[in-house]
Amino acid sequence: MANIVEMPKLGFDMAEGKLIKWIKAENDTVEKGDALAEIETDKATVEVESSFSGIVLKHLAEAGKSLPVGEPIAVIAEEGEDVDLDQLLVGTEKRIETKEAPETQEKEQQERVTEKEKEEAEDFVKASPVAKRIAKEENLSLAQIEGSGPGGRIVKRDVEKAVERGTGKKEAKPSTVEIRAGKEETFEVSKLRAAIGKRMQESRQNIPHFYVTASYDVAEMLQTRAQMNKDLPDEERISVNDFIIRAVALTLKDFPNLNASISGTTLTRHGNIHIGVAVAVENGLLTVVVRNADQKPLRQISEEARSMIQRVKNGKVRSEDIEGSTFTISNLGMFNIEDFVAIINPPEAAILAVGSAKEIPVVRDGELDIAWRMKATISADHRITDGAEAAKFMEHLRLFLEQPWRLFA
Amino acid sequence: MAEITMREAISQALWEEMERDERVFIQGEEVGVWGGTYAITKGFLDHFGKERVRDTPISETAIVGSAIGAALGGLRPVAELMTINFAFVAMDHIVNEAAKLHYMFGGQFILPLVIRAPGGGGRQLAATHSQTPDAIFAHFPGLKVVAPGTPVDAKGLLKSAIRVDDPVLFIENATIYQQKGEVPAEEYTIPIGKSKVQREGSDVTLVTYSKMVSYSLKAAEELEKEGIEVEVVDLRTLRPLDMEPVIESFKKTNRAVIVEEGWRSYGVGAEVAARIYEEAFDYLDAPIQRVAQKEVPLPYNARLEQMALPQVADIVQAVREVLE
């Protein structure tokens, strides 16, 4: 039986995908699970697997084409099958891409040209060659001298008068650096940047954010991490963020409101705890998701996070890597950041922004001492929770961050 | 010093050079028996004899052609044309032979020929007898073109013209033979190709030559009453053109008026203006004015003729305009 492959929905708000390239050509054999094509969502380029086995009978879209989700992009048939394509595709709608009118571009260019001509006309001062020369020698600005010649031409006597008067002198140039004009650049932002921008703007505009900051003594956590990494091979090193992922996941078990989504007045507590970790990429960021992080041991969390981040950096991220988080952590600790405030990733309830761990002076028993501190700020949705709950969350989190044995017990 | 007329100055130069060098002779229409249509060679025939003062047929072609032959043959002829208007009949001889043979024969021959010819209008001699086609002749490399405006310059320059081994067109003006001027008593020559400041001033540079020199000086006197100081630069030679005093003056005044009796288009003024623009652009304070004859064949009618020719009033007006 012939099967129609459709543009898959790779993200919860994906409306359209761009076929970057076909991995299986027409007449190639394909097994269920084989990578069929590379499709670009607004966040990333993803390899899409075939749900069917057989022969790729026809590509219905060419590389570079953007199609709405659900639109047929290929037909996979059994070997030796005879398929009437038209009949098969009856009922499916094909959308015609509209090309942007090049007229607007032309008009813009014309406007720019006439404006330049106007500018030049205004700058043109009628002055005789000798007047210009003397003005230049005397460091006078012709623009400030009135011309008594025909048609308002500035002539020698006008400049000589100006010299006598001592007016129209240009500011004596201080001996400074020669300023070179910078080049203004205008270009379209990447799809990823545009998607992030849209998302974050919606989040900011629709979610009533509030923030709670806490400072954690991470000395023991750092020590535990050092001990672990001493005995682990380099490629399996545990990061501070791995600790934080597990700590947050375990804390969330007691705070189901912060692991939820709201729609109108309907609150959905997710039950599963999937921690999203923000990863910086060129021109934007992606969030990789460690699923059920409350149930996975630290090393597994570390290994999964590492693999996903690697795939992100190599441009080979899978859709399940980046979808489905219920709570996000954003860590700028590697940049020597005191603290910061993040924007909630909808439809989540909250996001945790983590700063750098640093040694600072503290007061202990009335005495000045040095201690490790790491600040974290939770941004929470006030439709779902409130300050007290968020504060309690931050306090409960302290147990797991300051007493790392709790991550293993 | 003595005050003599242009006629006397030219006559004296001719006489003194014929005395000085027996190879010098003069030929032309009415130069002998009649003593010259403008009385330049009065008394010459009796003194120098008919071998050296030769009356010719009415054929400018013959006059110039044979003079060229004589020059190539080792003599130093002065060919007189009754007016420069008749030079056109001898044009081929003048521009294709006189101007070029020394070059085309690879320097094997010299051509020490002087063609004397008066030009200009104002005596109702009508269109074909009143032209000032100086610029046309000055156009040709190989020909020297001299056009003095004062007796002292006329005498000194004619002597030089006779003494150089090059073909020289010596342009006189038909209406200023009686113009007077101071001339040194002793022997002197004036080099060909040197302009001269005839009057000093600081407000505007007047560039001119020949008859227009006296007109320009008159205009300068008028303008002086208004407090405008005009500097008059006399070109004296059209080819080779000496721009040095002109530029020097222009750098001082920044404004120029060029005065010529010929027509404006493609005239002497066009050449001088172009050179001022080229050599003194940064000193330019106003566009250069040209005073010239109106662009029509010169009328016969007395009043119209005077209207068509450049007058002192035109020069004064031009100076005013350039000073605006």
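Computed from a predicted model, the values in this text were never measured in an experiment.

Draft legend 1. Inspection of a nonpolar patch on the surface at higher detail. Side chains of B:Tyr103, B:Met104, B:Phe105 and B:Phe109 sit close together on the surface and give an oily, nonpolar patch of about 460 Å² of accessible area. Residue placement: B:Tyr103 occurs in helix H5 (residues 101-104).

Draft legend 2. Structural context of the environment of B:Arg320. Assignment of secondary structure puts B:Arg320 in helix H12 (residues 312-323). Between the alpha carbons of B:Arg320 and B:Leu223 there is a distance of 8.9 Å; along the sequence they are 97 residues apart.

Draft legend 3. Geometry of empty space enclosed by the protein. Residues and elements named next belong to chain A. All chains considered together, the criterion is met by four cavities of 30 Å³ or more. Here the largest cavity defines a volume of roughly 80 Å³. Forming the boundary of the largest cavity are Leu-10, Gly-11, Asp-13, Met-14, Thr-41, Asp-42, Lys-43, Val-46, Ser-319, Ile-322 and Glu-323. The class makeup of the residues in the lining of the largest cavity is four nonpolar, three polar and four charged.

Draft legend 4. Layout of the pairing of strand S11 (residues 230-234) of chain B. All names here are of chain B. The buried fraction of S11 amounts to five of the five residues, a majority that puts the element mostly inside the structure. Along S11, one buried face is formed by Val-230, Val-232 and Asp-234 and the opposite face, lined by Glu-231 and Val-233, is buried too. Pairing of strand S9 (residues 196-199) with S11, which is carried by three bridges, proceeds in the antiparallel orientation. From the neighbouring strand, Val-197 faces S11, where its bridge partner is Val-233. One ladder, built from five bridges, connects strand S10 (residues 204-208) with S11; its direction is parallel. Following the sheet pairing, Val-207 is matched in S11 by Val-233. The parallel pair S10 and S11, bridged by helix H8 (residues 211-225), forms a crossover whose chirality is right-handed.

About the thresholds
- Residues numbered from 1 in each chain as written.
- Chains lettered and ligands numbered in written order.
- Predicted model: local features only at pLDDT ≥ 70, side-chain atom pairs only at ≥ 80, totals over all residues.
- Heavy atoms only, no water.
- Patch = residues over 30% accessible without salt bridge, like charges linked within 9 Å, V, L, I, M, F, W, Y side chains within 5 Å.
- Areas by Shrake-Rupley, 256 points an atom, 1.4 Å probe, with all protein chains shown as cover.
- Salt bridge = Lys/Arg side-chain N within 4 Å of Asp/Glu carboxyl O.
- Helix = DSSP H or I, 4+ residues; strand = E, 2+ residues; numbered from the N terminus.
- 1 Å grid on protein atoms, 1.4 Å probe; cavity = no way out; pocket = protein on both sides within 12 Å on 5 of 7 lines; lining within 4 Å.
- Points joined across faces, edges and corners; volume = space filled by probe spheres on them.
- Nonpolar A, V, L, I, M, F, W, Y, C, P; charged D, E, K, R; others polar.
- Buried < 20%, exposed > 50% of the residue type's maximum accessible area, 1.4 Å probe, protein only.
- Pairing = 2+ DSSP bridges.
- Right-handed = clockwise from strand over helix to strand, strands pointing away.

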